[in-house]
Amino acid sequence: MIFECKINLGGKSLKYIDLFVQDPRNINSNLTKYLDWNLDNHFAVFQIEKFQLANFVLLKNTISNEYFEVYDNLFLPTLKIGQKIIARIVKSQGKYLFTGGFVLVLEKGNFSRY
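All residue numbers refer to position in the chain's written sequence, counted from 1. The predicted origin of the model limits local features to residues at a pLDDT of at least 70 and limits the giving and counting of side-chain atom pairs to 80 or more, whereas totals for whole chains, interfaces and linings rest on all residues. Side-chain descriptors were evaluated using all non-hydrogen atoms of the structure, hydrogens and water having been removed beforehand.

**Here's the deal with the nonpolar core**
- In terms of nonpolar packing, the biggest core is built from 15 residues, with Phe-46, Leu-59, Val-70, Ile-85, Ile-89 and Phe-98 touching the most fellow members.
- Listed by contribution, the elements that provide at least two residues to this core are strand 3 (41-52), strand 4 (56-61), strand 5 (67-71), strand 6 (84-92) and strand 7 (95-98).
- Setting aside anything within four residues of it in sequence, one finds Val-70 in contact with Asn-55, Phe-56, Val-57, Leu-59, Ile-89, Tyr-96, Leu-97 and Phe-98. Residues enter a nonpolar core if they are buried and are Ala, Val, Leu, Ile, Met, Phe, Trp, Tyr or Cys, with the set joined through side-chain atoms within 4.5 Å. Whether a residue is buried, partly exposed or exposed follows from its accessible area with a 1.4 Å probe, protein chains only, as a fraction of its type maximum: under 20%, in between, or over 50%, in that order. Here a helix means four or more residues in a row that DSSP labels H or I, a strand means two or more in a row labelled E, and each is numbered from the N terminus. Here a residue-residue contact requires only that any non-hydrogen atoms of the pair lie within 4.5 Å.

Below, the structure is given as structure tokens:
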């Protein structure tokens, strides 16, 4: 997922994967400038409050009641408002992203992994 993130470098908008393909050493020198994952990451059970497919998902942390607008980098067409997911989100370049798959809580005791 991280390689899908875009960064502005030298006036150009590039994906991390583009930088890596050009020269793998680019990642080492630039990665820490754009990722603040250690400062702002959340692993929790979230409730889906609102979403726009291929745009964003509004999540509510079920413990802290904090809201997070998360960029839909996983393209989640099957989600419904009110469902709960277990996921990790991180902040990169000012917006939250999913770090990978998530677990959808279907009902008490049943889960589905994505």
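Having seen it, we continue.
**So, the pairing of strand 4**
- By the convention used here, strands pair only if DSSP detects at least 2 bridges between them. When strand 3 meets strand 4, the two strands line up antiparallel, connected through six bridges. Directly across from Phe-46, in strand 4, lies its bridge partner Asn-61.
- What sits between the antiparallel neighbours strand 3 and strand 4 is a turn of three residues, in which Ala-54 has the positive phi angle 60°.
- Here five bridges tie strand 4 to strand 5, and the two strands are oriented antiparallel to one another. Looking at strand 5, one finds that Phe-56 is bridged to Tyr-71.
- Counting the residues that bridge the hairpin from strand 4 to strand 5 gives five residues, and of these Asn-65 lies at a positive phi of roughly 65°.

**Quick notes on unusual backbone geometry**
- The phi torsion at Asn-65 lies on the positive side, around 65°, for a residue other than glycine.
- Mapped onto the elements of the fold, Asn-65 is located in the loop between strand 4 and strand 5.

**Description of the packing of aromatic side chains**
- For Phe, Tyr and Trp, where Trp contributes only its six-membered ring, two rings pair if their centres lie within 6.5 Å, and the inter-plane angle classes them as stacked under 30 degrees, edge-to-face over 60, or tilted in between. A full pass over the atoms with the stated rule returns two aromatic pairs.
- Centre to centre, the rings of Phe-68 and Tyr-96 are 5.1 Å apart; their planes meet at 80°, and the pair counts as edge-to-face. Of this pair, Phe-68 sits in strand 5 while Tyr-96 sits in strand 7, and the two are 28 residues apart along the sequence. The same class applies to Phe-68 as to Tyr-96, namely buried.
- In textbook terms, an aromatic cluster arises when at least three aromatic residues are bridged by ring pairs, as seen for Phe-46, Phe-68 and Tyr-96.

**Observations concerning the pairing of strand 6**
- In this sheet, strand 6 lies alongside strand 3 in antiparallel orientation, the contact comprising seven bridges. By the bridge assignment, His-42 is partnered in strand 6 with Ile-89.
- Pairing of strand 6 with strand 7 involves four bridges; the strand directions are antiparallel. Opposite Ser-92, over in strand 7, you have Lys-95 as the bridge partner.
- Hairpin connection from strand 6 to strand 7: two residues lie between these consecutive antiparallel strands, with Gln-93 at a positive phi of about 55°.

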